[in-house]
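# Descriptive analysis of the structure
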Amino acid sequence: MKYEWNLNLLCNDDSWKEKYHKLNEQVEKLNIKVESFLDNINLFLEFINEYIKVNEEIEIIYCYPKRHLDIDLNNEKYKTMFNEALVLYQEILKLINKFENKLLDNSKEVNNYLKDKKCFKHKRYIYLILRRKEHILKDRDYKANYEAISQDIKNKYQSLFNNGFELEQLSLGDKVVNVNRFNYNELMIDNNQNHRKIIFDAYTKEYEKCNLILTDIYLNKLKNDIELSKKEKYDSLLSKKLFELEIDNDIVEKLIEKVNENLYIMHDFGKLKKEILGLEELHFYDTSLSLCSIPKIEYNIEEAIKLMKNSLSILGNECINLIDRMFNEGWVDVFPKKDKRSSSFTCISYHGAPYILNNYDGSINSIRTLVHEFGHAMNVYYTKKNNDFEYFEFSYFLTEIASKVNEMLFNNYMLNNCKTEEEKIYILNNNIGSLGNSLFGQVMLTEFEYIIIQKLENNEFVNNDTLNEIYLEISKKYNGDEMIYEDNIKYGWSKIQHYIMQDSYYLYQYSIGTAIACNIAKRILDNESKILDKYIKFLSVGNSVSINEALSYIDIDLTNGDYLENALIILNDNIKKLRKIKL
């Protein structure tokens, strides 16, 4: 077995240099051809094919040194190669801009070409560009100014948090600790409730001090986004985001509505958590506390692979064969090492393997992470197998589904094969925490964002008091009456980095992806007829069809909330099992 990446599956140093020079020459040629490729259908087809090939080749040029840097951040040779790749990538972005503008300016002629059978293969590829025509901003100076403002907002936010909040030392009984943004979560699992309160209050006090600054940053970000959406002739910022995904405008509203109908689930869990922890009062600073200790069991990598295979065997022989290939061919860089990236991820690339970067430490969590990333790898494998480059990359909206399905199957297997009660409680607690956060926590944050954006779009007055009061009220609604709400809870919105650093209306996608994954996993576990065939077909479509059509292959309809039912059932079942064990 191989426990390090075999990057020769992607490229090697010599061929990279050769490819780089050839691609550079090809980009120069296409910069000339782009001026006349619409002169006739043959030139049109020739250019499209060469243009797509350029986009395919830059992936190799970019990914090869990047993967080397992922496992050795200080490798000077690959830093140089990566910087060269970025320079060439910038030239290709300019070509992309010329190409798309040419298509948009001559859409009638392009549509006539697309009626020819010879162009059928590229029809959706071109359609995805042309459908934006009515929303393309002609004022390039305005767009440049928007981007400059966006970057300035992010820079201000990052400069505020560059070193984390370094608080004065806090006395916690017989120990003294420094609290900052990087160690806060770890400190909040202290078993002493009073210590948790001291840490929470001190940490939140820093956000309170910055409340006006963070309000200004957040509202400026939203106003900048809203103004651009108006300039681009969208009805609202939400309609813009959903148009980009080719999904219906009321998806988010229906998600919020459905989750609001089921808030009692998490309210009941709050009561259960309070009882299990033996607390007289449940406060926000108690929510991070685990209901059990992490089982002190270590699995070597061979045992981890066996658990992967056992838990995912329900997906069929091809899945097991892929796991074997993954470790035999060098798809996974398994163990931590000096100068290696610390986070886990899977490379979504057409060439080479669907490389997985892992930092395996022998824990159950580490195996779960490997299983999760293998879900991404499965998705990449099937979409590469069934699509040409132009359609292989699936929408971010669908990205987490396969990984979450794998997690559900793994958790179910572990739950059914636990050797001790402690392990069973740990798995249940993990399931409930993960599902609760995805289905309720992320929707809560989305509802807050939705309300604030609507107010701004309706030209209502919004200031820091508005943000604080709305966040407090939403927190009370989602967490229920069992929770004690200190006044400083209202600053919680300002702790959400996604609000500033990610696109608006981003978080709800976690919720929908998790709900769909639960739906699929439950049907697989229930041995529903033909569900595996439907699921593999879904994993195989890439971007060759719309999100709605892809989901129809697994009988998911986003226009109603039914897809959420199985997720809510699984969450409720886990809570009931935990109650049965602990009470």
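Notes on the structure follow.

## Quick look at the overall build of the protein chain
Helices and strands together make up the secondary structure of the protein chain, namely 24 helices and seven strands. Relative to the compact-globule value of 25 Å for 583 residues, the protein chain shows a C-alpha radius of gyration of 25 Å, a close match. With respect to the three principal axes, the spread of C-alpha positions in the protein chain is 80 × 60 × 50 Å. Residue burial in the protein chain is summarised as follows: out of 583 residues, 55% are buried. Within the protein chain, counting contacts between residues at least 6 apart in sequence, those at least 24 apart form 75% of the total. When the accessible surface of the protein chain is summed, it comes to about 26900 Å², and 46% of that surface belongs to carbon and sulfur atoms. Between the averaged position of the 76 positive side-chain charges in the protein chain and that of its 91 negative side-chain charges there is a distance of 3 Å.

## Section: the side chain of threonine 399
With respect to the helices and strands, the residue threonine 399 is situated in helix α17 (residues 396–416). Residue threonine 399 is classed as buried on the basis of its relative accessible area of 7%. The contacts of threonine 399, once residues within four sequence positions are left out, are Ile348, His376 and Phe394.

## Topic: helix α8 (residues 193–209)
Its 17 residues place the ends of α8 24 Å apart at the C-alpha level, agreeing with the 24 Å of an ideal helix rising 1.5 Å per residue. Within α8 the residues assigned to the buried category are His195, Arg196, Ile199, Phe200, Ala202, Tyr203, Thr204, Glu206 and Tyr207. Structurally, α8 contributes buried residues whose contacts are with α6 (140–161), β1 (170–172), α7 (184–187) and α9 (211–231). By the N-cap criterion, in which a side-chain oxygen at the helix start approaches the backbone nitrogen of a residue two or three places on, α8 is capped by asparagine 192, the distance to asparagine 194 being 2.9 Å.

## Section: the packing of aromatic side chains
Considering all chains together, one arrives at 33 aromatic pairs under this definition. Note on phenylalanine 397 and tyrosine 508: the rings are 6.4 Å apart at their centroids and 55 degrees apart in plane angle, and the pair reads as tilted. A residue pair is termed long-range when its members are at least 10 positions apart, and phenylalanine 397 in helix α17 and tyrosine 508 in helix α21 (residues 508–525) qualify at 111 residues. Across the pair, tyrosine 508 and phenylalanine 397 agree in class, each one buried. Taken together, the ring pairs in this structure connect Phe37, Phe44, Phe47, Tyr51, Phe99 and Tyr113 into an aromatic cluster.

## Remarks on unusual backbone geometry
The backbone phi angle of lysine 530 is positive, close to 65 degrees, even though this residue is not glycine. Inspection of the secondary structure assignment puts lysine 530 in the loop between α21 and α22 (531–540). The backbone of aspartate 555 sits at a positive phi, close to 60 degrees, despite the residue not being glycine. Mapping aspartate 555 onto the fold places it in the loop between α23 (547–552) and α24 (565–582). For aspartate 555, a relative accessible area of 47% puts it in the partly exposed group.

What counts and what doesn't
- Residues numbered from 1 in each chain as written.
- Predicted model: local features only at pLDDT ≥ 70, side-chain atom pairs only at ≥ 80, totals over all residues.
- Heavy atoms only, no water.
- Helix = DSSP H or I, 4+ residues; strand = E, 2+ residues; numbered from the N terminus.
- Rg over C-alpha atoms; globule rule 2.2 N^0.38 Å.
- Buried < 20%, exposed > 50% of the residue type's maximum accessible area, 1.4 Å probe, protein only.
- Contact = heavy atoms within 4.5 Å.
- Areas by Shrake-Rupley, 256 points an atom, 1.4 Å probe, with all protein chains shown as cover.
- Lys, Arg positive; Asp, Glu negative; His and termini not counted.
- Charge placed at Lys NZ, Arg CZ, Asp CG, Glu CD.
- Expected span 1.5 Å × (residues − 1).
- Polar contact = N/O pair within 3.5 Å; in protein donor to acceptor, adjacent residues only side chain to side chain.
- Phe/Tyr/Trp six-rings, centres within 6.5 Å; stacked < 30°, edge-to-face > 60°.

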